[in-house]
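Working through the structure, step by step
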Amino acid sequence: MEAWDVLVIGDGPAALRSAASAAKQGAQTLMLSATALGAGGIAALDGLASSVQEMNNKGHREDTITTGDFLCDQDIVSSRTSQAIREMDLLERRGVIFQRDAKGLPDASTGIGHSKPRVLNSGDGLGQEVQQVLEEQCMRYGVVRRGDQAPMMIIHNNNSVCGMITADMINGNFVAIQCKSIILADGGFEQVFSTGKSNLGMDLGLQCGIPLRGMEFISQTPMSVKGTKMILSQGLLNSGASLHQVDGSPIEGSTISELCLASNNIDTVVLDARSMGSGSNWWNSVFRNVKQRTGIDLSKQTIAVENRVDSTLGGLPVDEIGRVVIGSWSRWFTGLYAAGETSCSGFHGAGLLQGNSLLDSLVGGNSAGQHAGEWSNKSSFSGASLIKQALETTIANHESMFSDNEEDGAVVRIGIVSDKLTELANSFVNGDNDSSTYSQYLESLEQLSILAESIHLDQKSLISNSNMLSMLQTQAGIRLLTCAVQASLARNESRGLHRRTDFPEKDEELLHHITVDREGNTGTLALRKSETGNWILTPQ
């Protein structure tokens, strides 16, 4: 049995930031990723929001609250936005090359939903550069990183973390890990809408009995290349590209949600990047990739785009320092943290402001890692017998999947289930929904869940067992999408990204967070005001 102070699940900005911060506190820190290292995710796709050209963060926090349709936790918004300049400065000092103007100042753009120039970017290299500098910080503080390690279950005793069981797909065995703290930071469930699979961290928390928060809010982007799964950065729009109809009529919207709604009512939406001028120099890789995939030269031709889910705002409810809470703000699942898109920090509320995703990952990851490191320094290991028992159970369950007593019948393949899940997910997010359609989705998901339990695996060995990982991700995706539908059914209003045809207006009585657990039970979590107990921006 291995023993580590802090265990981090994930390999994107939130995970790397939290791991480095925990190790900086002196904690022995291990990072695990279910896939190969270095993928990074898309948190940095649309840039970093920072009020670098303003006197203070007032405008940034108010734009965030407004875009979140007043369902943000306003103390979290104030805290996150006040740290944006520091995060930008740290990234730049460590090697990220942000665009600058002729005076040498950061060249901020007025991103979608922002009232002032506030979105910083470095073109199509931002994600790679952020990943690289954060990996270097992990190396500096001695973080151990391992890829192809699938997390199977969190071991806990009375809502207190003891450790985790993982599947080592390199060496081919299940591994028991004892730890004092776990940080879940491997992303949301946005991949369900494209591949029928989900990241595993959020589902691990759900399986521990933790109710998820804000699952009804799912963000789309109008920047997906039609007929592909390519999602282009909104930074192209900041650099001079535009969205319009085939006849040249512009598509307008003050928020991403409004742009997507406008696009839904149009047969063909095209992205025009022909007039970007010198701004196109920052996007050479995007231009090259689009040409390789579609044959279209963005410098000379327009390209058809469509709406696609790029981010999910719901997740494990966390407080201001990343601690996962259960039912109320004062009850901590001891030793468990979440950051980035695995968490629901209250920063985004009911809508996503451009550049805030990366900011939330960086600030939230730093807070979670710092507190986890401090907590681990003063706490002790526990639950060794529980971990050993869980390891034996996991091995036995895996063996039983390959018993010779299987009933005769049609073999259920992972591809069939994941394709059905993708179809259901996109119908849910793109349809005109009411209580009746939600009930139909829940019924279909229940049937799909039963089918997913019968998925056939050909390979017993864990080594490079991508089918087993896909099965785990698809089963997790079904559970998380079910929570999203249940949360949508419980929110009897239309607010932010959440739209219902039977409740088209906002309801002041629903100005609170909705939670849903693995049994489908819904609850509420109070909205947080400022640290002084007053609204920063009064709900409208």
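Residues numbered from 1 in each chain as written. Predicted model: local features only at pLDDT ≥ 70, side-chain atom pairs only at ≥ 80, totals over all residues. Heavy atoms only, no water.

Along its length, the chain carries 14 helices and 19 strands. Its C-alpha radius of gyration of 22 Å places the chain within 12% of the 24 Å reference for a compact globule of 540 residues. Seen along its three principal axes, the alpha-carbon backbone of the chain occupies a region of about 65 × 55 × 50 Å. Within the chain, contacts between residues at least 6 apart in sequence are counted, and of these 74% link residues at least 24 apart. A total accessible area of about 21,700 Å² is found for the chain, and carbon and sulfur atoms account for 45% of it. (Helix = DSSP H or I, 4+ residues; strand = E, 2+ residues; numbered from the N terminus. Rg over C-alpha atoms; globule rule 2.2 N^0.38 Å. Contact = heavy atoms within 4.5 Å. Areas by Shrake-Rupley, 256 points an atom, 1.4 Å probe, with all protein chains shown as cover.)

Counted at 1.5 Å a residue, the expected span for helix α5 (residues 126-140) with its 15 residues is 21 Å, and the 21 Å between its end C-alpha atoms agrees. Listed in full, the buried residues belonging to α5 are L126, V130, Q131, V133, L134, E135, Q137 and C138. Those residues of α5 hidden inside the fold are in contact with α1 (13-24), β2 (29-32), β3 (48-49), α4 (84-94), β5 (144-146) and α10 (356-378). G142 sits one or two residues past α5 and shows a positive phi near 80 degrees. (Expected span 1.5 Å × (residues − 1). Buried < 20%, exposed > 50% of the residue type's maximum accessible area, 1.4 Å probe, protein only.)

Strands sit in the order β9-β18-β19 across an open sheet of three strands; the sheet is antiparallel. Both edges of this open sheet fall to β9 (212-213) and β19 (522-525), since each of them pairs with a single strand only. Sheet topology places β9 next to strand β18 (residues 513-516); two bridges connect them, and they run antiparallel. Residue L212 lies in a different strand from β18, and its bridge partner there is V516. Against the sheet, helix α14 (residues 466-490) contacts β9, β18 and β19, and its axis sits at roughly 135 degrees relative to β18. (Pairing = 2+ DSSP bridges. Axes fitted to C-alpha atoms, helices over the stretch in contact; angles between N-to-C directions.)

What follows covers the pattern of salt bridges. Opposite charge on two side chains permits them to pair, given that their charged atoms come into close proximity. The final tally for this structure, using the stated rule, is 27 salt bridges. The partner of D89 in a salt bridge is R93, and the shortest N-O contact between them spans 3.1 Å. With D89 and R93 both in helix α4, this residue pair falls four residues apart, about one helical turn. Under the relative-accessibility criterion, R93 is labelled exposed at 62%. Each of E216, R491, E493 and R495 takes part in one network of salt bridges that share partners. (Salt bridge = Lys/Arg side-chain N within 4 Å of Asp/Glu carboxyl O.)

Tracing the chain through its elements places G369 in helix α10. Judged by relative accessible area, which is 0%, G369 ranks as buried. G369 has contacts with S18, S21, A22 and I183, leaving out every residue within four places of it along the chain.

Below, the discussion takes up the sheet that holds strand β12 (residues 269-272). The four strands are arranged β10-β13-β12-β11 in an open sheet whose pairing can be described as antiparallel. Of all strands in the sheet, those bounded by a partner on one side alone are β10 (218-225) and β11 (242-245). When the angles between neighbouring strand axes are averaged without regard to direction, this sheet yields 50 degrees. Relative to β12, β11 is paired through four bridges, and the arrangement is antiparallel. Bridge pairing in β12 places H244 opposite V270.

So, on to the packing of aromatic side chains. Aromatic ring pairs are reported here in terms of the distance separating the ring centres and the angle at which the planes meet. A full pass over the atoms with the stated rule returns five aromatic pairs. Looking at K180, its charged tip hangs above the ring of F381, at a distance of 4.8 Å from the centre. Across the ring face of W329, the terminal group of R528 is positioned such that the distance to the ring centre comes to 4.6 Å. (Phe/Tyr/Trp six-rings, centres within 6.5 Å; stacked < 30°, edge-to-face > 60°. Lys NZ or Arg CZ within 6 Å of the ring centre and 35° of its normal.)

Among the ten residues in strand β13 (residues 303-312), eight count as buried, and that is most of the element. In this sheet, β13 lies alongside β10 in antiparallel orientation, the contact comprising six bridges. Paired with S224 across the strands is E306, a residue of β13. In this structure, β12 lies alongside β13, joined through three bridges in antiparallel fashion. What sits directly across from L271, in β13, is I303.

With that out of the way, let us pick up the packing of helix α12 (residues 414-430) against helix α13 (residues 435-452). Running from N to C, α12 and α13 point in directions that differ by 165 degrees, and their axes come no closer than 11 Å. The angle between the axes of α12 and α13 places the two elements in the roughly antiparallel class. Crossing hand, α12 versus α13: left-handed. Seen from α12, the contacting residues are V417, K420, L421, L424, S427 and F428; seen from α13, they are Y438, Y441, S444, L445, L448, L451 and A452. (Parallel < 35°, antiparallel > 145°, perpendicular 65-115°, else oblique. Left-handed = near helix turned anticlockwise from the far one by under 90°.)

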